[in-house]
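Remarks on the overall topology
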Amino acid sequence: MLPLSPGLRHRLREGPPPPAPLAPPAPPRAPPAPPFAFAPRRLRLGRQHPLLEDGDVHRHLYLQGVLTGLADPADRPRVSEFSCHISGCCQVFDTLEGYEHHYNTLHRNVCSFCKRSFPSGHLLDIHILEWHDSFFQIMAEKQNMYKCLVEGCAEKFKSTKDRKDHLVTVHLYPNDFRFDRPKKVKSGPKHVSSRTKQGASMPIDVSMETSKQFQVDLMETGPSENMEIPQPAASPGPSVPEKRLYKSRIPSTICFGQGATRGFKGPRKKV
Amino acid sequence: ALRKARRQEQLVSKRLLREDITAEELGQDGAKVVLDPLSEEEVLELLRGVQRGSEDRKRSLSQLRWALQNKETQQKFVRLDGSIRTLIGLFTSSLADMQMEAARCLHELSHSSDPAVVEACLPVTSYLLTYLSGYSIEFTELCLYTLGNLVVESEAVRKQLLPQGITASPHEAVLEGLGYVLSQLLQAKEAPAEIIPLVLDSVLPQHMLRLVCSGLKAGTGAAVEFAWCLHYIICSHTANMALLSLGAVPALTSLLLDLASEMPQDASEGLELLVCPVLRCLSNLLAEETGCEGQIQDERLLIALFLILQCFLQQHPFIVQECLWLLNNLTADEPFFCSALLSLDLLPALLQLLPCSRMASVLVLTILCNIAEKGPAYCQQLHRQAGPPQLAADPEVVGQCFELLHLLFLHWPE
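The name given to chain B in an unreviewed UniProt entry is Transmembrane and coiled-coil domain-containing protein 6, with the source organism recorded as Opisthocomus hoazin.

**Here we look at the side chain of Arg57 of chain B**
All names here are of chain B. Along the chain, Arg57 falls in helix 4 (residues 57-67). Looking at Arg57, the relative accessible area reads 2%, which means it is buried. Here the side chain of Arg57 touches Val50 through a polar contact of 2.8 Å, landing on its backbone oxygen. Polar contacts involving the side chain of Arg57 include one to the main-chain carbonyl oxygen of Gln51, which spans 3.3 Å.

**Focus on the domain arrangement of chain B**
Residues and elements named next belong to chain B. Domain annotation for chain B reports domain 1 (36-164), domain 2 (171-285) and domain 3 (308-413). Listed as interface residues are 17 residues of domain 2 and, on the opposing side, 13 residues of domain 3. Between domain 2 and domain 3, the buried area comes to about 1,300 Å², and carbon and sulfur atoms account for 74% of it. On inspection of domain 2 and its partner domain 3, the count reaches one salt bridge. Note that Glu322 and Arg280 form a salt bridge whose closest N and O atoms lie 2.8 Å from each other. Inspection of the region where domain 2 meets domain 3 yields four residue pairs in polar contact (both at pLDDT 80 or more). The dominant element in the side of domain 2 that touches domain 3, judged by the number of residues it contributes, is helix 19 (residues 272-286), at eight residues. Classifying every residue of the side of domain 2 that touches domain 3 gives ten nonpolar, four polar and three charged.

**Remarks on the environment of Asp97 of chain B**
Checked against the element boundaries, Asp97 of chain B lands in helix 7 (residues 96-110). Residues Asp97 of chain B and Lys58 of chain B lie 39 residues apart in sequence; the distance between their C-alpha atoms is 8.2 Å.

**A closer look at the state of the cysteines**
All names here are of chain B. A complete count under the given rule lists zero disulfides over all chains for this structure. Among the cysteines around Cys121, which has no disulfide bond, Cys105 carries the closest sulfur, lying 11 Å off. What makes Cys121 buried here is its relative accessible area of 1%. The closest cysteine sulfur to the non-disulfide-bonded Cys323 is located on Cys276, 9.2 Å from its own sulfur.

**Regarding a nonpolar patch on the surface**
All names here are of chain A. The grouping of Phe135, Ile138 and Met139 at the surface amounts to a nonpolar patch, some 300 Å² of accessible area in total. Tracing the chain through its elements places Met139 in helix 5 (residues 134-142). With relative accessibility at 35%, the residue Met139 sits in the partly exposed group.

**Things to note about the environment of Thr167 of chain B**
Mapping Thr167 of chain B onto the fold places it in the loop between helix 11 (155-164) and helix 12 (172-185). Measuring from C-alpha to C-alpha, the distance between Thr167 of chain B and Tyr131 of chain B comes to 8.7 Å, with 36 residues separating the pair along the chain. In this structure Thr167 of chain B touches Glu151 of chain A together with Leu132 and Ser133 of chain B, once residues within four positions along its chain are discounted.

**What about the packing of helix 24 (residues 358-372) of chain B against helix 25 (residues 376-386) of chain B?**
All names here are of chain B. Following both chains from N to C, one finds helix 24 and helix 25 inclined at 135°, their axes separated by 8 Å at the closest point. The pairing of helix 24 with helix 25 is recorded here as oblique in orientation. Across the interface between the two elements, Leu368, Ile371 and Ala372 from helix 24 touch Tyr378, Cys379 and Leu382 from helix 25. Residue composition of the contact of helix 24 with helix 25, grouped by class: six nonpolar, no polar and no charged.

**A few points about the packing of helix 22 (residues 335-343) of chain B against helix 25 of chain B**
Residue and element names in this part refer to chain B. It is at 10 Å that the axes of helix 22 and helix 25 come closest, and there the two elements cross at 30°. Here helix 22 is positioned roughly parallel relative to helix 25, judged by the angle of their axes. Here helix 22 and helix 25 pass one another in a crossing that is left-handed. On the side of helix 22, the interface is formed by Pro335, Cys338, Ser339 and Leu342, while helix 25 contributes Tyr378, Gln381, Leu382 and Gln385. Tallied by class, the residues present in the contact of helix 22 with helix 25 amount to five nonpolar, three polar and no charged.

**Digging into the nonpolar core**
Of all hydrophobic cores here, the largest spans 180 residues; its most connected members are Phe91, Leu109, Phe226, Phe306, Leu324 and Leu350 of chain B. Residues in contact with Phe226 of chain B, not counting those within four places in the same chain, are Leu175, Leu178, Gly179, Leu182, Met208, Leu211 and Val212 of chain B.

**Quick notes on unusual backbone geometry**
Backbone phi values are negative for most residues with the exception of glycine, while trans is the configuration of most peptide bonds. The phi torsion at Lys115 of chain A lies on the positive side, around 70°, for a residue other than glycine. By secondary structure assignment, the location of Lys115 of chain A is in the loop between helix 3 (96-108) and helix 4 (121-132). Judged by relative accessible area, which is 25%, Lys115 of chain A ranks as partly exposed. The backbone of His237 of chain B sits at a positive phi, close to 60°, despite the residue not being glycine. Tracing the chain through its elements places His237 of chain B in the loop between helix 16 (220-234) and helix 17 (240-245).

**Remarks on helix 22 of chain B**
Residue and element names in this part refer to chain B. In terms of burial, helix 22 is a largely internal element, seven of the nine residues being buried. For helix 22, the full list of buried residues reads Pro335, Phe336, Phe337, Cys338, Ala340, Leu341 and Leu342. Residues of helix 22 that are buried in the fold lie against helix 20 (300-312), helix 21 (318-331), helix 23 (347-352), helix 24 and helix 25. Looking one or two residues beyond helix 22, the residue adopting positive phi is Asp345, at roughly 60°.

Criteria and cut-off values
- Residues numbered from 1 in each chain as written.
- Chains lettered and ligands numbered in written order.
- Predicted model: local features only at pLDDT ≥ 70, side-chain atom pairs only at ≥ 80, totals over all residues.
- Heavy atoms only, no water.
- Helix = DSSP H or I, 4+ residues; strand = E, 2+ residues; numbered from the N terminus.
- Buried < 20%, exposed > 50% of the residue type's maximum accessible area, 1.4 Å probe, protein only.
- Polar contact = N/O pair within 3.5 Å; in protein donor to acceptor, adjacent residues only side chain to side chain.
- Domains from an automatic or database assignment.
- Contact = heavy atoms within 4.5 Å.
- Buried area = accessible area lost by both parts, 1.4 Å probe.
- Salt bridge = Lys/Arg side-chain N within 4 Å of Asp/Glu carboxyl O.
- Nonpolar A, V, L, I, M, F, W, Y, C, P; charged D, E, K, R; others polar.
- Disulfide = S-S within 2.5 Å.
- Patch = residues over 30% accessible without salt bridge, like charges linked within 9 Å, V, L, I, M, F, W, Y side chains within 5 Å.
- Areas by Shrake-Rupley, 256 points an atom, 1.4 Å probe, with all protein chains shown as cover.
- Axes fitted to C-alpha atoms, helices over the stretch in contact; angles between N-to-C directions.
- Parallel < 35°, antiparallel > 145°, perpendicular 65-115°, else oblique.
- Left-handed = near helix turned anticlockwise from the far one by under 90°.
- Core = buried A, V, L, I, M, F, W, Y, C linked by side-chain atoms within 4.5 Å.

Put into structure tokens, the structure is as follows:
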């Protein structure tokens, strides 16, 4: 314990003190006479200075989760099962977080025209503009209409290719960024089933996806088909996986409206 | 060992968010902990299971995630053709639970320091960034901490970050994760030359300052991270004019006052993580040439410092040297704080800090020298309140004592 007078904390809470009477002025500073070398100076420390060592170690331990024990096992309250309220979607949840994530992934940034969902409102807006706005194509012939995908970058381009070049060279995006594929002129029926199965689990929706990226004969139900702004290049047999899915064992999370639904557990609690 | 690593500039901090998976989810028996590496075939098998659009996919993915806790398994996984691409595919799908699980797999991978694994994860960066403005807190947090881990290891990832822009939702937990990412970015070796100038050019600094200063009301998690960000910026000594002009000094001072007055008598959990970088920021800013102590001639700052010292002395003694550093910078040039120290009767408390550590002893004595150097009136007060300083065995401490004695005799021969 430090010997501090009891009234100190109280003084802290009062407003700033009235301007203090001038402190006795210091004598003009004479250079120190040897062997004494002291001169007061403000210390400026760089990141690796030894004085900061202990604090840095403490910070490190905190980040490693050591200090807080295991990082916060936030007890996700389990609620009684409830289902997604979006019509047509019958996913069931027993944690709010699970529901939240489902909703955000599938329903929040959804194009009302083609039912694709997007990771952000920004990308959704761009999609709607470029895919579903009838004036867009017309105007795009006359002026630069294709917006850069990076929020905060105001650049616009006359073609998707130009935009992509910009994304790659200026923003260092990968060449094959999933959320920037050019729309095919022929808007295929790829999304038909996604409409009918709106909100129902992806396996059907996403089975459409056989972009060039996935050369392998993956029954790729994972990837971002729904999320893409543009349409993927047509690939052989997109219908095949779809059929296969229907014919084969139906995944438990699929629902056909009135069909039996099976819930899935939302994301588990964080440890 | 940690101190040694830090001295060698090798203290690499990564965060790991890991959940429990119950055995039943894995479909395995009991509490079998899969920490041994899998064979190549087993990893391949899992990958295939994940690529197939079947009911087992979720389970394969969970098993994969579990297995990826192991370093060797990580290495084997990234060597498989199409593995990362598959994960990215699931990560960007609208299958919420797949997406989350894929994100967890990527998170495990991000914890690796194997260059091959890190390099394999490079394509993930853009996607991690794309999801930051989302509303799923847990998912966004996961993305952020994964990104932060990758930032530590890979210059290529760092290079992408700022040009691609970071748009994050303003939720507290997300901001904390974002602060973490930035704090890692700002510690990179190329930071002073390449990253900090970019950051300064943006609106980030004023947001950081704002978030730090609202830490008490809005929750300390984000404030802590951004305080460390500010510290890394400031101690690179390339940015300080900009921060001074943002009013950093009065803002941070005010924060310290608030922190000190909120502080309970016993140490408040985690608050030292905020106090520490704030102290450092102030100390370094005050050391700038422009002599801005005039901005904070408020003796309550001293009160705050000592209350902080009192609060953390037992549990977190490292705070002592951090506070004393600030005290030195306050008392070095301007007499204001020297006389405030005396008039507030804080000297006994200051002296109490002498035995804390060698560094503390030297700093305390330096501060006493700062005071003594101001002239006879100060020396007089010093002697009255402090008495003759005790000598200690350490040569540096003794040297400082002699300096002090010399000053006392110089100014106040009586």
